[in-house]
Amino acid sequence: MSGRRLQWWFVGPALALLVLFNVFPLLFNVVLSFTNAELVGAEREFVGGANYARVFSDPRFAEAIRRTAAFVALAVSIELALGFTLALSIRREFRGKALLLTALLVPMMLSPAVIGLFWNLILNGNYGILNQILGALGLPEPQWLTDRDWKFTSVLLIDVWMWTPFMMLISLAGLNSIPATLYEAAQVDRASAWTVFRRITLPLCAPLLGLAVLLRATDALKQFDLVMATTGPNDKSTETLSTLLYQVVFRDGKLALGSAYACLVLVLVIAVATAFTRYLEGLNRRPA
Amino acid sequence: MQLLRGLFLLVYGLLATLPLCWMALSSLKSRDDTISPYARFVPSLVQEAARSVGAPLGSAAAVSTFTPTVAAYGALSSVHAGAQGSFWSYLRSSVLIGVLSTAASVLLGTCCAYGFSRYRIPGAKDWLFFVLSTRFMPPLAVVVPVLMMYRELSLTGTALGLILLYTVFNLSLAVWLMKGFLDEIPRAYEEAAEVDGYSRLHAFVHIILPQARTGMAVTAVFCLISAWNEYGFAMTLNSSANTTVPAYFAGLQGNIDGMPWPQIAAGGLLFVTPIVLFTVLVRKHLLRGMTFGTIKQ
């Protein structure tokens, strides 16, 4: 078999599957969004832009976008700040470092749906261990999962617990890539700790931190599992884009309306994904 | 400064690990002990042991003890309200779906990555970024068309449907990770094989694949974990007992008899233990796996 033919045998099957399961649903979503299809029953007819008219007149959609954006911004920045601080603290060699590092990294590998459900026990307002600890310390004990003002914070809290290790991991890679000679030169110049941090540590870590932020942001944008596990769908104070989609399609059975929502969400996601891949290309071109 | 750093690490280390420890303790309790408004964290065995060596016990210690029991693990075999089968039947599905989809992803992903690594594929860069971008799709935004497609093909409610979906979902990860690993294997291997008269395919199967063993193992672990943890598709495409454990736990929410906390803790612990072991196993490759091979170290 000639090389030209063989190369397509290598890459073909995987690419075909990806196109079938990604491009096709995308197009089908668009078609469905102009119909009145429901979850139950096979009948559907063309209704024009009626679904889109409903989506745009529905304050719930705008609300979900705002809340998801707030969630992404807050989660990513808290995780970045905490993760970077952790990386700076754990940077130096000490006994038991490998063990501690592994222990710290475990949460990000766990299933958000399962662990999120268990967090309900930890956060329970009446018998949860967290409030018992807060009470013993003389701090206020909020009703994490039932108080409207705290539900969003609870989801955020669990997300921070899960994903701070990820930020720490990438920050450590950034810190480790800084050549020691730079720090030695700074020492010769008697630069202050703050100057060293601002002029060497931070700028040299920045490209990798940017990558971490983008990876985490695209993931947080999909937030579904934790919300479902804590407050469930259809909760006004925690509704994200994904749980809104779930509610519309699977609880209300409005398939076509869900497709219209999904199309708009996908435009958003594709925009973020494009930003991400552009950034990655720029990073790869950078001389190592 | 040094002290502050140590303290910060200590406090964060405790916060990071305590939820899992609490899960382990809760799995050994009775339901009443899990929802006691006074945390019970000392198994009575410890108290007995302390008493036998004559250690003084305050009244606080007496309140905070509980009698450990493995009843919760036994209760995992019974079928709860809201579930279609016992925990074990869901776990079996999880293993089946996880293992088969991982094998398929790694196989297809390795071949695809090899093509991109060794041949000049037209538009290679665009294809690779397309592959990566499929990972950003929120499952809930593509689930409707997939559901319709599956209804046509009678794949809803089957393990095969989820295996297929997870295979595709993990392909992006497998292709990008494997490309990184394959790029590190010198071309000289295949060139030497071709000089010796072997075909390209023979060189791939008998020389490159054995060289890429570590990479494939690491890729497999990451694919397995993401299939193991996936929830959006598992709960929407499949409401039968053929679905994975995360969907089982979702079914327990809003239980009329109250949440069966000890069973949730026991099942959760059994469910995450393999992940913790795998994390330890691939700890040197975590960075690579979590960033799709874009950072190598």
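**Description of the overall build of chain A**
Then step 1. Each helix and strand in chain A was counted, giving twelve helices and zero strands.
Then step 2. Along the chain direction, N to C, the helices and strands of chain A fall in the order α-α-α-α-α-α-α-α-α-α-α-α.
Then step 3. Taken along the three principal axes of its C-alpha coordinates, chain A extends 75 × 70 × 35 Å.
Then step 4. Of the contacts formed within chain A by residues at least 6 apart in sequence, a portion of 69% connects residues at least 24 apart.

**A look at the interface of chain A and chain B**
Then step 1. Each partner contributes residues to the interface: chain A has 70 residues there, and chain B has 74 residues.
Then step 2. With 17 residues, helix H1 (residues 3–33) of chain A is the largest single contributor of residues to the side of chain A that touches chain B.
Then step 3. The residue inventory of the side of chain A that touches chain B, partitioned by class, reads 53 nonpolar, 15 polar and two charged.

**Observations regarding the nonpolar core**
Then step 1. Residues Phe118, Leu169, Leu245 and Tyr261 of chain A together with Cys112 of chain B are the most contacted members of the largest nonpolar core, which totals 167 residues.
Then step 2. For this core, the element with the highest residue contribution is helix H9 (residues 159–183) of chain B, accounting for 17 residues.
Then step 3. Counting contributing residues, this core receives three or more from each of domain 1 (2–73) and domain 2 (87–290) of chain B.
Then step 4. With residues up to four places along the chain from it excluded, the contact list for leucine 245 of chain A reads Gly258, Tyr261, Ala262 and Val265 of chain A together with Leu140 and Ala141 of chain B.

**A look at the environment of valine 269 of chain A**
Then step 1. Along the chain, valine 269 of chain A falls in helix H12 (residues 255–285).
Then step 2. Under the C-beta neighbour-count criterion, valine 269 of chain A is labelled buried, with 20 such atoms within 10 Å.
Then step 3. On a C-alpha basis, the gap between valine 269 of chain A and arginine 66 of chain A in space is 15 Å, while along the polypeptide they are 203 residues apart.
Then step 4. Ignoring any residue separated from it by four or fewer positions in sequence, one finds valine 269 of chain A in contact with Leu221 of chain A together with Phe136, Met137, Pro138 and Ala141 of chain B.

**Comments concerning the packing of helix H5 (residues 112–123) of chain A against helix H15 (residues 261–281) of chain B**
Then step 1. Interhelical geometry of H5 of chain A versus H15 of chain B gives an angle of 145 degrees and a closest axis separation of 10 Å. As for how H5 of chain A packs across H15 of chain B, the hand of that crossing is left-handed. Contacts between H5 of chain A and H15 of chain B involve Val114, Ile115, Leu117, Phe118 and Leu121 of chain A on the former and, on the latter, Trp261, Ile264, Ala265, Gly268, Phe271 and Val272 of chain B.
Then step 2. Taken together, the residues that form the contact of H5 of chain A with H15 of chain B break down as ten nonpolar, one polar and no charged.

**Structural notes on the packing of helix H12 (residues 213–229) of chain B against H15 of chain B**
All names here are of chain B.
Then step 1. Close contact between H12 and H15 brings their axes to 11 Å; oriented N to C, the two are set at 155 degrees. Relative to H15, H12 is oriented roughly antiparallel. As H12 packs across H15, the resulting crossing turns out to be left-handed. Taken together, the residues of H15 that come into contact with H12 (itself represented by Val221, Ile225 and Trp228) are Ile275, Phe278 and Leu281.
Then step 2. Counted by class, the contact of H12 with H15 contains six nonpolar, no polar and no charged residues.

**Considerations on the domain arrangement of chain B**
Residues and elements named next belong to chain B.
Then step 1. By the assigned domains, chain B splits into domain 1 (2–73) and domain 2 (87–290).
Then step 2. Using only C-alpha atoms to locate each centre, domain 1 and domain 2 end up separated by 37 Å.
Then step 3. Tallying the contact residues gives eleven residues for domain 1 and eight residues for domain 2.
Then step 4. Only helix H1 (2–26), helix H2 (31–34) and helix H5 (71–75) provide two or more residues apiece to the side of domain 1 that touches domain 2.
Then step 5. A total of three residues in the side of domain 1 that touches domain 2 trace back to one element, the largest contributor, which is H1.
Then step 6. For the side of domain 1 that touches domain 2, a count of residues per class yields five nonpolar, four polar and two charged.

**Some details on unusual backbone geometry**
Residues and elements named next belong to chain B.
Then step 1. Within the chain, serine 154 stands out as a residue other than glycine whose phi angle is a positive 55 degrees.
Then step 2. Position of serine 154 among the secondary structure elements: in the loop between helix H8 (139–152) and H9.
Then step 3. On the neighbour-count criterion, serine 154 (10 C-beta atoms within 10 Å) is exposed.
Then step 4. For phenylalanine 292, which is not glycine, the phi torsion reads 55 degrees and is therefore positive.
Then step 5. Among the structural elements, phenylalanine 292 can be located in the segment after helix H16 (286–290).

Rules behind the numbers
Residues numbered from 1 in each chain as written. Chains lettered and ligands numbered in written order. Predicted model: local features only at pLDDT ≥ 70, side-chain atom pairs only at ≥ 80, totals over all residues. Helix = DSSP H or I, 4+ residues; strand = E, 2+ residues; numbered from the N terminus. Contact = placed C-beta atoms within 7 Å. Nonpolar A, V, L, I, M, F, W, Y, C, P; charged D, E, K, R; others polar. Core = buried A, V, L, I, M, F, W, Y, C linked by C-beta atoms within 7 Å. Buried ≥ 20, exposed ≤ 12 C-beta atoms within 10 Å, placed from the backbone. Domains from an automatic or database assignment. Axes fitted to C-alpha atoms, helices over the stretch in contact; angles between N-to-C directions. Left-handed = near helix turned anticlockwise from the far one by under 90°. Parallel < 35°, antiparallel > 145°, perpendicular 65-115°, else oblique.

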